[in-house]
2 protein chains.
Amino acid sequence: MRRPEILMTPGPTPVPPEVLLAQASPIVYHRGPGYGALLREVTEGLKYVLQTENDVVVYTSSGTGGMESAVANLFSPGDRVLVVSVGYFGDRFVQICKAYGLDVRVLEYQWGQVARAEDLARALEREGPVKAVLCQHSETSTGVVNDVAALGAVCREAGVPLVVDAISGVGAVELKTDAWGVDVAIGASQKALMGSPGIAFLSVSPKAWEMAAESRCPKFYFSWEKTLEAYRRPDPESPFTPAVSVLLGVREALRMIREEGLEAVLERHALLSRATKEGVRALGLELFGEHPERSHAVTAVRVPEGLDGKAIVREVRRRYGVILAGGQGPLAGKIFRIGHLGYYDGLDVVRALSALELTLEHLGYPVKRGSAVGAAEEVLARG
Amino acid sequence: MRRPEILMTPGPTPVPPEVLLAQASPIVYHRGPGYGALLREVTEGLKYVLQTENDVVVYTSSGTGGMESAVANLFSPGDRVLVVSVGYFGDRFVQICKAYGLDVRVLEYQWGQVARAEDLARALEREGPVKAVLCQHSETSTGVVNDVAALGAVCREAGVPLVVDAISGVGAVELKTDAWGVDVAIGASQKALMGSPGIAFLSVSPKAWEMAAESRCPKFYFSWEKTLEAYRRPDPESPFTPAVSVLLGVREALRMIREEGLEAVLERHALLSRATKEGVRALGLELFGEHPERSHAVTAVRVPEGLDGKAIVREVRRRYGVILAGGQGPLAGKIFRIGHLGYYDGLDVVRALSALELTLEHLGYPVKRGSAVGAAEEVLARG
């Protein structure tokens, strides 16, 4: 049997059959009522999951393209910005800002820590006026989730716009874009939204539009202005040929999310996260990162003494087809990550934990068979 | 009956069922042997259609993203470049170069004209040293095809690198990237390659890599260096999460092209182009643009006196579901365009011509029924 890949990574995540089938539909021409209805429904669905009334712009790109779009549209060379970095994707924001010639200040944490509102307040005082604060919602590399509400309150107080990479967070972890004062929230199709990769999107507040009007960073493909102008035609359009098939899938996925209801979706992620974490703990393993109880998208696990983290990831994939993610950067080999954001239910977690039990046993780690699965079942049964 | 859309536009073009079905396959994780094999096969297939041994980099974006990638990776602000513009997409190159602060000189033609090698030679003398020449292969807006071989010879003679937007040309019209000295050729998935939109690609010559090493334009997502570095890992990767589903489709489409053989594919496009053009002429309509015999991707037609070009496009879509393209920019309402690049055979052209006959008749244009179809059949029967 050619074994299917069982994705338990923090993206891309498994795509529901309904979504895959939608991707097999004939191409909808991107000028006209068919595409207009598609793009409008997708955009409205994205507003729903982002909990925003702001404009949402949609791009054919990875999430990183969305991050770059925020930088290119908001700033001008030499602008001072403050990046709050708690891991790999915080560093990516730093790199993108540097690529565009910004004056980048960094509030940097050890990987695994979460950002603290009081640190942000002090950093804003220390660094003097900055054009914006950029941070992650869920930092995929460590699994930690920042308290965006608290960070947003500090920014509002200081009168500084807030840009949030919510790529692995939105749809898995609560994100109240408008209520928390997030000026730009960035997401992507292949995470909790259950779509295929290829679509990035951003919510843009009125304040962010004002900044965009002043921006002198070069941009063309990722121009928000061009995107909004095309969206406002009688039949909404994309300025450049969009990934129609991926969007057809995303529409279907967003319909599924609306049907389940955002609150229920978020509760499901919380439940699966608890089940995964209890399972991992029952094996005597330690969770990685601060406030794991917030980490509804990803469970990061410390590799136990004497084991090789890369071997765990390799063997669980080789032996059972279950794809976990290793550690990135300084955490390579030191942690592994289990993704449970998107199209997952309880037994998907059970399956992954079973593969983990058997793999750890194979690698010589003492395992009581069924212990992780049992602990997860306990959580799931309580609901 | 809810009528299917019959795409006869110059992109996106109809996607074969085999390709659509491939897009419904489960997601392949983008780190590992499965994706490595996918990206390698796609990249090798793209080299085959581009007739190049140069590196090919693949992006999740529209073709315009590929054009921007060329500009951002090759140049630095203030660099002088020469854009040869024969229409809408030539103008787009100008806009992108200006967005990046280049010193843009333009060899501009009236829309419908093709570029002339002797004009290029004179322009290169007149403008002094330029970093590169940028031009279109098939200019989608007018249907005309530039003689890239001749333009390439001029560039080689002058020692100036050549960047070619071959988005609507590659796979439909002969393009010998290496033999003609094209340093960068840009293509996209949704044209003659029969894929869904969402993938752009570029071939990069050693000379272009040298230029990229010097470039100071800001870039991150579209960085060639990052893309090549990821591709050269033991299992080829993309630096940022790629549109896996679209790539699964593109792989299938490239397999179909290899099976048919590039030469046969190009001959088929030539045949369909002749059939379309003879059909149009049989209606007493006039072809638009110089050297229509080269325009194997698109047939541009002058709107006859007394008729409204927009009405033709609107009615043929409303009445028969056949989607033609109108004129862009100064040609709005003055021409309409029939695309025949990609997954088309003779009877697709016949169907479109029949819809055109009936629509023109409806709009009050004198039509002898069957005349366009008959003329096309004549071409197809001769083969």
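Residues numbered from 1 in each chain as written. Chains lettered and ligands numbered in written order. Predicted model: local features only at pLDDT ≥ 70, side-chain atom pairs only at ≥ 80, totals over all residues. Heavy atoms only, no water.

S.K.: Just checking my understanding: could you explain the pattern of salt bridges for this structure?
M.R.: Where side chains of opposite charge bring their charged atoms close, a pairing between them can arise. Inspection of the entire model under this criterion finds 46 salt bridges over all chains. The closest approach of N and O atoms between glutamate 41 of chain A and arginine 255 of chain A, which form a salt bridge, is 2.7 Å. You can see glutamate 41 of chain A sitting in helix α2 (residues 33–50) and its partner arginine 255 of chain A sitting in helix α9 (residues 244–260), a full 214 residues away along the chain. By relative accessible area, which is 30% here, glutamate 41 of chain A ends up partly exposed. On the accessibility criterion, arginine 255 of chain A (37% relative accessible area) is partly exposed. Between arginine 126 of chain B and glutamate 127 of chain B there is a salt bridge, with the nearest N and O atoms lying 3.6 Å from each other. Members of the salt-bridge network, linked through shared partners, are Arg80, Asp103, Arg105, Arg126 and Glu127 of chain A. (Salt bridge = Lys/Arg side-chain N within 4 Å of Asp/Glu carboxyl O. Helix = DSSP H or I, 4+ residues; strand = E, 2+ residues; numbered from the N terminus. Buried < 20%, exposed > 50% of the residue type's maximum accessible area, 1.4 Å probe, protein only.)

S.K.: Quick question: what am I supposed to make of the relation of the copies chain B and chain A here?
M.R.: Each of the two copies of the chain can be brought onto the other by a rotation about an axis and a shift along it. Note on the identical chains: chain B maps onto chain A by a rotation of 180° and an axial translation of 0.0 Å, with an RMSD of 0.0 Å. Expressed as an axis order, the relation between the two copies is that of a two-fold axis. Counting the interface residues of chain B, we find that 100% of their copies in chain A are interface residues as well, pointing to one common contact surface. (Least-squares fit on C-alpha atoms with pLDDT ≥ 70 in both. Contact = heavy atoms within 4.5 Å.)

S.K.: Hey, could you run me through the packing of aromatic side chains in this one?
M.R.: The geometry of an aromatic ring pair is captured by two quantities: the separation of the ring centres and the angle between the planes. Residue and element names in this part refer to chain A. For the coordinates displayed, the defined rule picks out 17 aromatic pairs over all chains. Here tyrosine 88 and tryptophan 111 contribute two aromatic rings whose centre-to-centre distance is 6.5 Å and whose plane-to-plane angle is 85°, an arrangement assigned as edge-to-face. Of this pair, tyrosine 88 sits in helix α4 (residues 88–99) while tryptophan 111 sits in the loop between β4 (103–108) and α5 (117–127), placing them 23 residues apart in sequence. Taking relative accessible area as the criterion, tryptophan 111 reaches 17% and is therefore assigned buried. Both rings, one in tryptophan 209 and one in tryptophan 224, keep their centres 6.0 Å apart while their planes meet at 75°; by these two values the pair is edge-to-face. (Phe/Tyr/Trp six-rings, centres within 6.5 Å; stacked < 30°, edge-to-face > 60°.)

S.K.: I tried to follow the packing of helix α12 (residues 346–362) of chain A against helix α13 (residues 371–382) of chain A on my own but got confused; where do I start?
M.R.: Angle between the axes and distance between the axes are the two parameters that describe a pair of packed helices. Residue and element names in this part refer to chain A. Relative orientation of the contacting elements α12 and α13 amounts to 160°, with a least axis distance of 8 Å. For the element pair α12 / α13, the angle class is roughly antiparallel. Here α12 runs over α13; the crossing is right-handed. Facing α12, whose interface residues are Gly346, Val350, Leu353, Ser354 and Glu357, α13 presents Ser371, Ala372, Val373, Ala376, Glu377 and Leu380. Looking at side-chain class alone, the contact of α12 with α13 contains six nonpolar, three polar and two charged residues. (Axes fitted to C-alpha atoms, helices over the stretch in contact; angles between N-to-C directions. Parallel < 35°, antiparallel > 145°, perpendicular 65-115°, else oblique. Left-handed = near helix turned anticlockwise from the far one by under 90°. Nonpolar A, V, L, I, M, F, W, Y, C, P; charged D, E, K, R; others polar.)

S.K.: Explanation requested: the interface of chain B and chain A in the structure shown.
M.R.: Frequently, the measure chosen for interface size is the accessible area that the parts lose on association. The partner chain A presents 50 residues to the 50 residues of chain B that form the contact. Carbon and sulfur atoms supply 67% of the area that chain B and chain A bury against each other, a total of about 3,700 Å² over both sides. Across the chain B-chain A interface, the total number found is zero salt bridges. Elements supplying a minimum of two residues to the side of chain B that touches chain A: α1 (17–22), α3 (63–74), α4 (88–99) and α9 (244–260) of chain B. Per element, the largest residue contribution to the side of chain B that touches chain A is four residues, and it comes from α4 of chain B. Across the side of chain B that touches chain A, the residue classes break down as 26 nonpolar, 18 polar and six charged. (Buried area = accessible area lost by both parts, 1.4 Å probe.)

S.K.: How do you make sense of the confidence of the model for chain A when you look at a structure like this?
M.R.: Low-confidence regions, as indicated by low pLDDT, have predicted coordinates that should not be scrutinised in detail. Chain-level pLDDT for chain A is 97 on average; 100% of the residues reach the 70-or-more range. Confidence metrics for the complex model read pTM 0.98 and ipTM 0.98. (pLDDT = per-residue confidence, 0-100.)

S.K.: Hey, could you run me through the sheet that holds β4 of chain A in this one?
M.R.: Backbone hydrogen bonds are what pair the strands of a sheet, in a parallel or an antiparallel way. All names here are of chain A. Reading across from one edge, β2-β8-β7-β6-β5-β3-β4 is the order of the seven strands in this open sheet, with mixed pairing throughout. Of all strands in the sheet, those bounded by a partner on one side alone are β2 (55–60) and β4. Here the average twist between neighbouring strands, direction ignored, is 20°. In this structure, strand β6 (residues 162–165) lies alongside strand β7 (residues 184–188), joined through three bridges in parallel fashion. Paired with valine 163 across the bridge in β7 is valine 184. Where α4 meets the sheet, it contacts β3 (80–85), β4, β5 (133–136), β6 and β7, and its direction lies at approximately 160° from that of β3. Sheet strands touched by helix α8 (residues 224–231): β2, β7 and β8 (199–204). Its angle to β2, the strand with the most contacts, is close to 105°. (Pairing = 2+ DSSP bridges.)

S.K.: Looking at this model, I keep getting lost on unusual backbone geometry. Mind explaining?
M.R.: For residues other than glycine, phi is negative in most cases, and the peptide bonds are mostly trans. Residues and elements named next belong to chain A. With an omega of -5°, the peptide bond running from glycine 11 to proline 12 counts as cis. With respect to the helices, strands and loops of the structure, proline 12 is situated in the loop between β1 (6–7) and α1 (17–23). Phi at glutamine 51 takes a positive value of approximately 50°, unusual for a residue other than glycine. In this structure, glutamine 51 sits in the loop between α2 and β2.

S.K.: I would appreciate a short explanation of the sheet that holds strand β4 (residues 103–108) of chain B in the present structure.
M.R.: Residue and element names in this part refer to chain B. The mixed open sheet is built from seven strands, whose spatial order is β2-β8-β7-β6-β5-β3-β4. The open sheet has two free edges, formed respectively by β2 (55–60) and β4, since each of these has just one partner strand. Put simply, the sheet's adjacent strands are angled 20° from each other on average, direction ignored. Across the sheet, helix α2 (residues 33–50) touches β2, β7 (184–188) and β8 (199–204), and the angle it forms with β2 is around 115°.

S.K.: Which parts of the structure should I look at to understand the nonpolar core?
M.R.: Taken as a class, soluble globular proteins show a tendency for nonpolar side chains to be buried jointly. With 194 residues, the main nonpolar core has Leu120 and Phe336 of chain A together with Leu120, Phe336 and Leu356 of chain B as its most contacted residues. Every residue in contact with leucine 120 of chain B, bar those within four places of it in the chain, is listed here: Leu82, Val84, Leu107, Val133, Leu151, Val154 and Cys155 of chain B. Core analysis: the second largest hydrophobic core is formed by 74 residues, Ala212 of chain A together with Ala72, Met211 and Phe222 of chain B among them. (Core = buried A, V, L, I, M, F, W, Y, C linked by side-chain atoms within 4.5 Å.)

S.K.: Please clarify how helix α11 (residues 309–320) of chain B should be interpreted in this entry.
M.R.: Given 3.6 residues per turn, any residue in an α-helix points the same way as the ones three and four places further on. Given a rise of 1.5 Å per residue, twelve residues ought to cover 16 Å, and the 16 Å separating the end C-alpha atoms of α11 of chain B matches this to within 8%. Those residues of α11 of chain B not exposed but buried are Gly309, Ala311, Ile312, Val313, Glu315, Val316 and Arg317 of chain B. Its buried side turned inward, α11 of chain B meets α2 of chain A together with β10 (322–323), β11 (325–326), β12 (335–339) and α12 (346–362) of chain B. In this structure aspartate 308 of chain B caps α11 of chain B, since a side-chain oxygen of it lies 2.9 Å from the backbone nitrogen of lysine 310 of chain B. Phi turns positive one or two residues past the end of α11 of chain B, at glycine 321 of chain B, with a value near 75°. (Expected span 1.5 Å × (residues − 1). Polar contact = N/O pair within 3.5 Å; in protein donor to acceptor, adjacent residues only side chain to side chain.)

S.K.: Any chance you could explain α4 of chain A here in plain terms?
M.R.: Residues and elements named next belong to chain A. Across its twelve residues, α4 extends 16 Å between first and last C-alpha, which sits within 8% of the 16 Å expected from 1.5 Å per residue. Of the residues making up α4, those classed as buried are Phe89, Gly90, Arg92, Phe93, Val94, Ile96 and Cys97. Buried residues along α4 sit against α3 (63–74), β3, β4, β5, β6 and β7. Of the residues flanking the end of α4, it is glycine 101, one or two places downstream, whose phi is positive at about 75°.

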